[in-house]
Structure formats: structure tokens, C-alpha cells
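# Topology and contacts: notes
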Amino acid sequence: MSTITSTVGRVGSRVWGVPAALYAAIVGYLAVNAPRHAVALVGAPVLALLAVNPWWAAAAAAAVLPIQTSVGAGGVQVAGADVFMLTCFAGMIPLVALQPGWRAKLAAVKPVLPWITPFLGWLVIVLLVHPSLHSAINTVQYAELTGFAIVVGAVVLTRQTARWAMIGFLTVACITAAAWTVHSAAFSVDNKNPAGQFMVDGLLLSLIVVPKWRWRGPIVLLLILGTLHTESRGAVLGAGIGGLVLLAFRGLGSWKRTTAAILPLVLVCIVGYNFVPNSLQARVRSTFSSDKLAVDTSGNTVAGDLSSGDYTVQIRTIYRHDGIAFVKQHPILGVGVGNYLTGNASLDTLTNDPHDVLLLNAGEGGLPDMVFFLVMIGGTAFVMLRRRRISPWAGPALALQAAILTHGLVDVYWVRGTPVMGWLLIGMALNPLLVNKSEPATDDAATPSAVPAVPVPVPA
């Protein structure tokens, strides 16, 4: 018997050895001649494995959010987080279709459905009025960045994968911050505003998930330095608003712990601010509005006599003026998601994003789109307020949403995964597996019968 087993083993190794050698040879050839195809060929088995385990795909998507480098080909911009998120979605479909337990898990998102459904439903109506492949892709992206992120946080993540998702995100955010601080070309080619927002997200999360100041302090300092080096004033403003919201609605576990944390946090911020060059300090101090507007002979709004430091502030003022006029031309159904365009190319004011999420939504989907977006933001915030003593993630969700929305009022919102972490945390705050150990369950925290509630360690 042992001889037969040995023979079968040798034959099996030879059978599998041939395709393995061929696979390695193809990967090696593509690595030299077509690197993207080589990466795709190597990544395909990994993605297949993650599709079978969508909770790990979700954790991977959260972890690589700060990496903006596109892995798409042919001009298609697809980040690694998008690939993992789509893999998670593909893995969820058969589980939800075939297993009653997974269908029961979907009940966790019921508290926010009345608030997010009008916005997503209106996007469908706008798409029907302005049908195109471009608008369809952008509509799906908006749904992915909001609704699906909530589902992932509420349904897919487990205690273990939620922990690894946060650790991975913080780690990558710190690496990104270090790269921006030393002006590494590998990361600094990324868009500075989303990069700054990801660092702010990591900064706010570190106050919750990192338990001791001997670890938290260096992480906070590094993320502050990285944020300042991106020169993203919207991210800095968002960090301040998000920090205030976090202290007001969650704190750090108790009033004593919160009070004791404020002084070292302020000291770290002061040290970080004074560590960066004077030019960066001046940029952060500059205002967010300007009166230096002029009108040319054709009636176009143009920039006045501006210094280089004021230019980006002024160009946003021009975008806002043009955006308001654009909304007045298309007040009800807009022009379709992804079709926004204002300005004048010859005056260098042409843009497909007014750097104001409310104006962009109103321009793309009309004033109802903007109203439903505000309803979604306000309604989900109300749900988080009700759950702030039930889930340790409700407070961070409120803080990150406040920081991201504040940034979105002066910069881009719907691109490069910028809003994902805020909506993911809302989902995590709804997840029955991630509730506080000491808090009694309520109707909002009701656990589906097929999914027993298992307490998650409350972040410090």
C-alpha cells in the first residue's frame, strides 16, 4: 500500500509540476514585456481565494484605501481598493443567495435604509433621464462608495477582520505620511487632497484604536506631518472639525481619559506644525475665500492679481460662482452623474468638479440630488447618535463623516475612495458583532437569529 501511495504521489507531483512550471514561465515573460499583465496573472488566484472569503477581501480593501495608484489598463482608473471591494461583492452574491444566515445579516442595515434609499434611488432616475455608459459607471461608483461600503461594514466584517482592516489602514496611512514627509516620488505623485484626507482619517482613528500614548503619540505626529506636507488645507480644516466631533460625541472612553488626552494631543499638533517649513505653515494659515475676483470683457469670471499661495483659494471661488450659475441652468434633473463641466479652457477655469460636493451633486442630479445627499448625511448621523453608547464605532463614524464632508465642501469628494472610510465606519457601527460588551442591546442593535452577537473589544 505504501508503494502505491508513493507512486501516486510522484505521478501527482509531475502532473501538477508541468502546469506550475508553465505558469511561472508565462509570469516571468510577462514581467519583462507586460508588467501589468503579469500582476493580473499573479493576482487572479489571490482574488479568487478572497472571493471565497469576502470578509478578508473587505479588510484588504480598507487597508489599501490610501494607495491611489491605478491598477487599471487602457486609461481606466481603478485603485487596488476598488478591486478588493468588487471581489468582496462577487463573493457576497452566492453567500447571500444560498445561505439564510447571510440574508439574515442584511437586517443590520435597516436603520439607515430610509436615509440612503432616496439618494441612491434619485441617482437611478437621473441615469434614466441622462443614459450613457459614462454616467452608469459613475452612478455605480457613487453607490459603491456609500451604500456598499455600509453593507460591507455592517454585514461582511467580523471582529477579527474589522481589527485587521483598521490596523492595515493605519499602517498604510502612516507609510503614506512618511513618504509625503520625505517627498518620496513613489507616493507624492498621488493627488494631495485625498492623500491628506486619508491621513486625517488615520489620525482620528488612531485616537480610538491605539490604546497607549507611547504608541499613539508617534503615530499622531507622523500623520500630522504627512497631512501638512500634502498642503491640503481642506484636510487640515476637516481634521479640526472631526476632532471636535469625536470629543463631543464619543470622547476616549471616559471624561478623565478624554481630558488627559487633550493636552498631549495639542502638544503633538504644535510640535508637528512647527516642524514643517514656513512655506507650508503660511499655506495652512491662508484663508479659504478671497475678494480678488474680476470679470473680463466677455463676462467671464477670472482671477485677480493673486500670489501663488492664494491661487488655489481663488480658483475655488471661481468654481463656486460658475457652479451656482450651472445649477440654475439645470435645477431639477441636472446633466447626469459624471457630466458636470463648467468654466473656460482659455482662462484655465475649466473643471469637471466645482470642489464643493453639494454644488457637484446639484449640478449632476439637480437640487433634489443635493437635498437627498444632505438627508443621507443627516439621517445616518442621527442613527449614529442613537448608537454612540451601543457601538464603539459610532463616535469615530461621526467624526470621520464630519471631517470628510468638511473637506468635501472645499475640494473633491467622489473620487479616489475619499468618502469610503466614513461610510464603512457607519456600517461597522451597525454590525451586531462589533457592539460594546457592557451596553444592553436595543431594537437598533437587534441581532439576527442566525448571527449571534459576539462582543468586540472596545477601542481605547
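Residues numbered from 1 in each chain as written. Predicted model: local features only at pLDDT ≥ 70, side-chain atom pairs only at ≥ 80, totals over all residues. Heavy atoms only, no water.

A separate point is the overall build of the chain. Of regular secondary structure, the chain possesses 18 helices and two strands. The buried share among the 460 residues of the chain stands at 48%. Contacts in the chain between residues far apart in sequence, at least 24 positions, make up 74% of those at least 6 positions apart. Here the chain has roughly 21,400 Å² of accessible surface; of this, 69% comes from carbon and sulfur atoms. (Helix = DSSP H or I, 4+ residues; strand = E, 2+ residues; numbered from the N terminus. Buried < 20%, exposed > 50% of the residue type's maximum accessible area, 1.4 Å probe, protein only. Contact = heavy atoms within 4.5 Å. Areas by Shrake-Rupley, 256 points an atom, 1.4 Å probe, with all protein chains shown as cover.)

Attention now moves to the packing of aromatic side chains. Following the criterion strictly, the structure yields 10 aromatic pairs and no others. Arranged with centres 4.9 Å apart and planes meeting at 65°, the rings of Phe326 and Tyr340 form a pair that is edge-to-face. Placement of Phe326 in helix 15 (residues 308-329) and of Tyr340 in the loop between helix 15 and helix 16 (357-386) is noted, with a sequence separation of 14 residues between them. According to the relative accessible area criterion, Tyr340 is buried, its value standing at 2%. Put simply, the rings of Phe119, Tyr142, Phe373, Tyr413 and Trp414 pair up and form one aromatic cluster. (Phe/Tyr/Trp six-rings, centres within 6.5 Å; stacked < 30°, edge-to-face > 60°.)

As a packed pair, helix 8 (residues 159-181) and helix 10 (residues 192-209) sit with axes 9 Å apart at the nearest point and diverge in direction by 130°. Compared by their axis directions, helix 8 and helix 10 come out oblique. For the pair helix 8 and helix 10, the crossing hand works out as left-handed. Together, Met166, Phe169, Leu170, Ala173, Thr176, Ala177 and Trp180 of helix 8 and Lys192, Ala195, Phe198, Met199, Asp201, Gly202, Leu205, Ser206 and Val209 of helix 10 make up the contact between the two elements. Residue composition of the contact of helix 8 with helix 10, by class: 11 nonpolar, three polar and two charged. (Axes fitted to C-alpha atoms, helices over the stretch in contact; angles between N-to-C directions. Parallel < 35°, antiparallel > 145°, perpendicular 65-115°, else oblique. Left-handed = near helix turned anticlockwise from the far one by under 90°. Nonpolar A, V, L, I, M, F, W, Y, C, P; charged D, E, K, R; others polar.)

Below, the discussion takes up the packing of helix 6 (residues 113-129) against helix 7 (residues 133-156). Describing two packed helices takes the angle between their axes plus the distance from one axis to the other. Running from amino to carboxyl end, helix 6 crosses helix 7 at an angle of 170°, the nearest separation of the two axes being 10 Å. Judged on the interaxial angle alone, helix 7 and helix 6 are roughly antiparallel. Counted together, Ile116, Leu120, Leu123 and Leu127 of helix 6 and Ser135, Ala136, Thr139, Tyr142, Ala143, Thr146, Gly147 and Ile150 of helix 7 form the full contact between these two elements.

What follows covers the side chain of Arg316. Tracing the backbone through its elements, the reader meets Arg316 in helix 15. The exposure class of Arg316 is buried, given its relative accessible area of 16%. Leave out the neighbours within four places in its chain, and Arg316 touches Asn193, His355, Val410 and Asp411.

What follows covers helix 4 (residues 80-98). Compared with an ideal rise of 1.5 Å per residue, which puts 19 residues at 27 Å, helix 4 spans 28 Å between its outermost C-alpha atoms and is within 8% of the ideal. Three or more residues of helix 4 are buried, namely Gly80, Ala81, Phe84, Met85, Thr87, Cys88, Gly91, Met92, Leu95 and Val96. (Expected span 1.5 Å × (residues − 1).)

Grouped together as the largest cluster of nonpolar side chains are 96 residues, with contacts concentrated most on Phe373 and Met421. If we skip the residues at most four places from it in the chain, Met421 touches Ala62, Leu65, Met166, Phe169, Asp201, Leu205 and Leu400. (Core = buried A, V, L, I, M, F, W, Y, C linked by side-chain atoms within 4.5 Å.)

In this section: a nonpolar patch on the surface. Side chains of Trp56, Trp164 and Ile167 sit close together on the surface and give an oily, nonpolar patch of about 300 Å² of accessible area. Here Ile167 shows up in helix 8. Note on Ile167: relative accessible area 39%, which makes it partly exposed. (Patch = residues over 30% accessible without salt bridge, like charges linked within 9 Å, V, L, I, M, F, W, Y side chains within 5 Å. Salt bridge = Lys/Arg side-chain N within 4 Å of Asp/Glu carboxyl O.)

Glancing now at helix 12 (residues 233-249). Given a rise of 1.5 Å per residue, 17 residues ought to cover 24 Å, and the 24 Å separating the end C-alpha atoms of helix 12 matches this to within 8%. Buried within helix 12 are the following residues: Arg233, Gly234, Ala235, Gly238, Ala239, Gly242, Gly243, Val245 and Leu246.

Here we come to unusual backbone geometry. A positive phi angle is found at Glu231, which is not glycine, with a value near 60°. Examined against the element boundaries, Glu231 turns out to sit in the loop between helix 11 (213-230) and helix 12. Note on Glu231: relative accessible area 29%, which makes it partly exposed.

Moving on: the side chain of Ser391. Residue position: Ser391 is located in the loop between helix 16 and helix 17 (394-408). Overall, the relative accessible area of 1% leaves Ser391 in the buried class.

With 69% of its residues at a pLDDT of at least 70, the chain reaches an overall mean of 78. Confidence over residues 287-299 falls short of pLDDT 50; this stretch has 31 contacts with residues more than four positions distant or in other chains. (pLDDT = per-residue confidence, 0-100.)

This part takes up the environment of Ala325. Secondary-structure assignment places Ala325 in helix 15. The sequence separation of Ala325 and Thr342 amounts to 17 residues, and the corresponding C-alpha distance is 9.3 Å.

Here the focus is the environment of Leu350. By secondary structure assignment, the location of Leu350 is in the loop between helix 15 and helix 16. Sequence separation between Leu350 and Tyr319 is 31 residues, and the spatial gap between their C-alpha atoms is 8.5 Å. Discounting chain neighbours no more than four positions away, the residues touching Leu350 are Tyr319, Leu341, Thr342, Gly343, Asn344 and Ala345.

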